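So you can see what is in the structure, the chains are spelled out below.
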Amino acid sequence: MQPLALSPDTRRGIGLIAALVIAFSGVLALFAWPAANSGPRELPIAVAGPPAAVSQLRAGLERQQPGAFDIQPVGNREQAVEQIKHHEVYGALVLSGGQVETLTASARSAVVAQLLGRVGTGVAAQQRASASTVDVVPAPSADPSGAGFVSSILPLGIGSVATAAVSTLVLRRRRARALTVAGFAVLGGLSSAALQQFWLGTIDGNYLANSGIMAVTVTAIGMTLVGLDALVGKIGLGLGAVTMFLVGNALSGAASAPEMLPTGWGTLGQLLPVGAAASALRSAAFFDGNGSAGPLLVLGAWTAFGLVLLGIARLRSRGSVEPREEGADELSLAGVR
């Protein structure tokens, strides 16, 4: 009995199905695994109170959740509030006179604020003290859970990838592609910030600063993708888009906090434009720009990387075109002879 012969189309179809299943499984794992393993890992919080009480609290938290919190002792409640407002810690526990006060910043992370609220309640129950919670930097009243803010990060990635992809398909000159990305970044940043700040109410702060961060984000992603296409081709564009959009969103920590992702993945997400953009925009919108230097440096580095790729591609094309042009001149002269 002869084996069943498969047509070329059938073999291609089977290969395509296998590739799509593998790709789909990879994307599912990329998004589901960090979410399923979410939990605090070296989450920085401040603790104010008598040294003995602070030491006891540190030992108790470490015993209950090893490695969950990076506890930073402070002298008093005022110092704890300052550290929260300066984007140095996510919240604080203040121990004094039979009371445990939890200070949170839901504008930075509603998930972490809820977590710290539960921790404070648990500590108060163990110490048989009264518990209270104060939101030092609250999220906007129009977006108390921060869901609107998180949702606004996704269109930034989509718009950046789409602009770069369309530019490479429609425009022939690399300079025109780069200028298109830059133009969309400026106008897109201004319009996106206006929609979020003045209509949806998902962000506060300085409008120009917010729009500037959005523009820098689009520029970082768009320039990188245009540069990859110029140097590597459509394969580079596709791999770059997957990295920026899928991987970047999955590891951004925008919905919770980078410290809530599995160890190492949150740090990686902050080195990609989407994660850096979320952190920078939160800093500008709710913390007067405190904590934005690192994320802005990441966005600037990606922008520079894209421009370097464009420069290399231009030099390479010059080197390959000039010999052809010289050869063409020689042939034309030979024809004249």
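Residues numbered from 1 in each chain as written. Predicted model: local features only at pLDDT ≥ 70, side-chain atom pairs only at ≥ 80, totals over all residues. Heavy atoms only, no water.

## Observations concerning the nonpolar core
Piece 1. Membership of the largest hydrophobic core comes to 55 residues, with the highest contact counts inside it found for Ile84, Leu103, Val137, Leu225 and Phe286.
Piece 2. With eleven residues, helix H7 (residues 207–231) is the single largest residue contributor to this core.
Piece 3. Not counting residues up to four positions away in its chain, the partners in contact with Phe286 are Ala107, Val137, Pro140, Phe149, Thr202, Ile203 and Asp204.
Piece 4. Among the nonpolar cores identified, the runner-up in size contains 23 residues, and Leu43, Phe69, Tyr90 and Val112 belong to it. (Core = buried A, V, L, I, M, F, W, Y, C linked by side-chain atoms within 4.5 Å. Buried < 20%, exposed > 50% of the residue type's maximum accessible area, 1.4 Å probe, protein only. Helix = DSSP H or I, 4+ residues; strand = E, 2+ residues; numbered from the N terminus. Contact = heavy atoms within 4.5 Å.)

## Remarks on the packing of helix H1 (residues 8–36) against helix H8 (residues 234–250)
Piece 1. The N-to-C vectors of H1 and H8 enclose an angle of 35 degrees; their axes lie 8 Å apart at closest approach. Judged by residue contacts, Val27, Leu30 and Phe31 of H1 engage Leu246, Val247, Asn249 and Ala250 from H8.
Piece 2. Among the residues making up the contact of H1 with H8, the classes are represented as six nonpolar, one polar and no charged. (Axes fitted to C-alpha atoms, helices over the stretch in contact; angles between N-to-C directions. Nonpolar A, V, L, I, M, F, W, Y, C, P; charged D, E, K, R; others polar.)

## Quick look at empty space enclosed by the protein
Piece 1. Inspection of every chain in the model, using the stated rule, returns one cavity of 30 Å³ or more.
Piece 2. Taken together, Ser106, Ala107, Ala139, Pro140, Asp143, Gly146, Phe149, Thr202, Arg282 and Phe286 form the lining of the largest cavity.
Piece 3. Broken down by class, the residue content of the lining of the largest cavity amounts to five nonpolar, three polar and two charged. (1 Å grid on protein atoms, 1.4 Å probe; cavity = no way out; pocket = protein on both sides within 12 Å on 5 of 7 lines; lining within 4 Å. Points joined across faces, edges and corners; volume = space filled by probe spheres on them.)

## Digging into H8
Piece 1. Here H8 spans 23 Å end to end across 17 residues, near enough to the 24 Å set by a 1.5 Å rise per residue.
Piece 2. Those residues of H8 that sit buried are Gly236, Leu237, Gly240, Ala241, Met244, Gly248, Asn249 and Ala250. (Expected span 1.5 Å × (residues − 1).)

## Quick word on the sheet that holds strand S3 (residues 92–96)
Piece 1. The strand order S2-S1-S3-S4-S5 describes an open sheet built from five strands, whose pairing is mixed. Sheet topology places strand S2 (69–74) and strand S5 (130–135) at the edges, where each strand pairs with a single neighbour. Between one strand axis and the next, the sheet turns through 20 degrees on average, direction left out of account.
Piece 2. One ladder, built from three bridges, connects strand S1 (residues 43–48) with S3; its direction is parallel. Counted as the bridge partner of Ala48 is Val94 from S3. (Pairing = 2+ DSSP bridges.)

## With respect to the pairing of strand S4 (residues 99–104)
Piece 1. For S4, the tally of buried residues reaches five of six residues, placing the bulk of the element in the interior.
Piece 2. Pairing analysis gives five bridges linking S3 to S4, with the strands arranged antiparallel. Opposite Ala92, over in S4, you have Leu103 as the bridge partner.
Piece 3. Looking at chain direction, S4 and S5 are connected through six bridges and run parallel. Along S5, the bridge assignment pairs Glu101 with Ser132.
Piece 4. For the handedness criterion, the β-α-β arrangement of S4, helix H4 (residues 110–127) and S5 is classed as right-handed. (Right-handed = clockwise from strand over helix to strand, strands pointing away.)

## Quick look at the packing of helix H5 (residues 147–170) against helix H10 (residues 273–286)
Piece 1. For the pair H5 and H10, the least separation of the axes is 10 Å and the interaxial angle reads 135 degrees. Comparing the axis directions of H5 and H10 gives the class oblique. Crossing handedness for the pair H5 and H10: right-handed. Contacts from Phe149, Val150 and Ile153 of H5 reach H10 at Val274, Ala278, Leu281, Arg282 and Phe286. (Parallel < 35°, antiparallel > 145°, perpendicular 65-115°, else oblique. Left-handed = near helix turned anticlockwise from the far one by under 90°.)

## Focus on the side chain of Thr303
Piece 1. Mapping Thr303 onto the fold places it in helix H11 (residues 293–336).
Piece 2. Within polar-contact distance, the side chain of Thr303 engages the backbone nitrogen of Ala220 at 3.5 Å.
Piece 3. Leave out the neighbours within four places in its chain, and Thr303 touches Val216, Thr219, Ala220 and Met223. (Polar contact = N/O pair within 3.5 Å; in protein donor to acceptor, adjacent residues only side chain to side chain.)

## Structural notes on the side chain of Ser211
Piece 1. As for its position among the elements, Ser211 is in helix H7.
Piece 2. Relative accessible area serves as the criterion here: at 5%, Ser211 is assigned to the buried category.
Piece 3. The residues touching Ser211, leaving out its near neighbours within four places in the chain, are Gly189, Leu190 and Ala193.

## Here's the deal with H5
Since the α-helix turns once every 3.6 residues, residues separated by three or four places project in the same direction.
Piece 1. Compared with an ideal rise of 1.5 Å per residue, which puts 24 residues at 34 Å, H5 spans 35 Å between its outermost C-alpha atoms and is within 8% of the ideal.
Piece 2. The complete set of buried residues in H5 reads Phe149, Ser152, Ile153, Leu156, Gly157, Gly159, Ser160, Val161, Thr163, Ala164, Ser167 and Thr168.
Piece 3. Against helix H6 (174–200), H7, H8 and H10 lie the buried residues of H5.

## Quick word on the packing of aromatic side chains
Two descriptors summarise a pair of aromatic rings, namely the distance from one centre to the other and the angle between the planes of the rings.
Piece 1. The full count for this structure, using the stated rule, is three aromatic pairs.
Piece 2. With centroids separated by 6.3 Å and ring planes inclined at 55 degrees, the aromatic side chains of Phe149 and Phe286 adopt a geometry described as tilted. Of this pair, Phe149 sits in helix H5 while Phe286 is found in helix H10, placing the two residues 137 residues apart along the sequence.
Piece 3. Over the ring of Tyr90 we find Arg108; its NZ or CZ atom is 3.7 Å from the centre of that ring. (Phe/Tyr/Trp six-rings, centres within 6.5 Å; stacked < 30°, edge-to-face > 60°. Lys NZ or Arg CZ within 6 Å of the ring centre and 35° of its normal.)

## A short note on the pairing of S1
Piece 1. Counting buried residues in S1 gives six out of six residues, a clear majority hidden from the surface.
Piece 2. Residue alternation in S1 divides its side chains into two sets, Leu43, Ile45 and Val47 and Pro44, Ala46 and Ala48, and both sets are buried.
Piece 3. As paired elements, S1 and S2 share six bridges and run parallel to each other. Each bridged residue has a counterpart across the sheet, and for Val47 the counterpart in S2 is Pro73.

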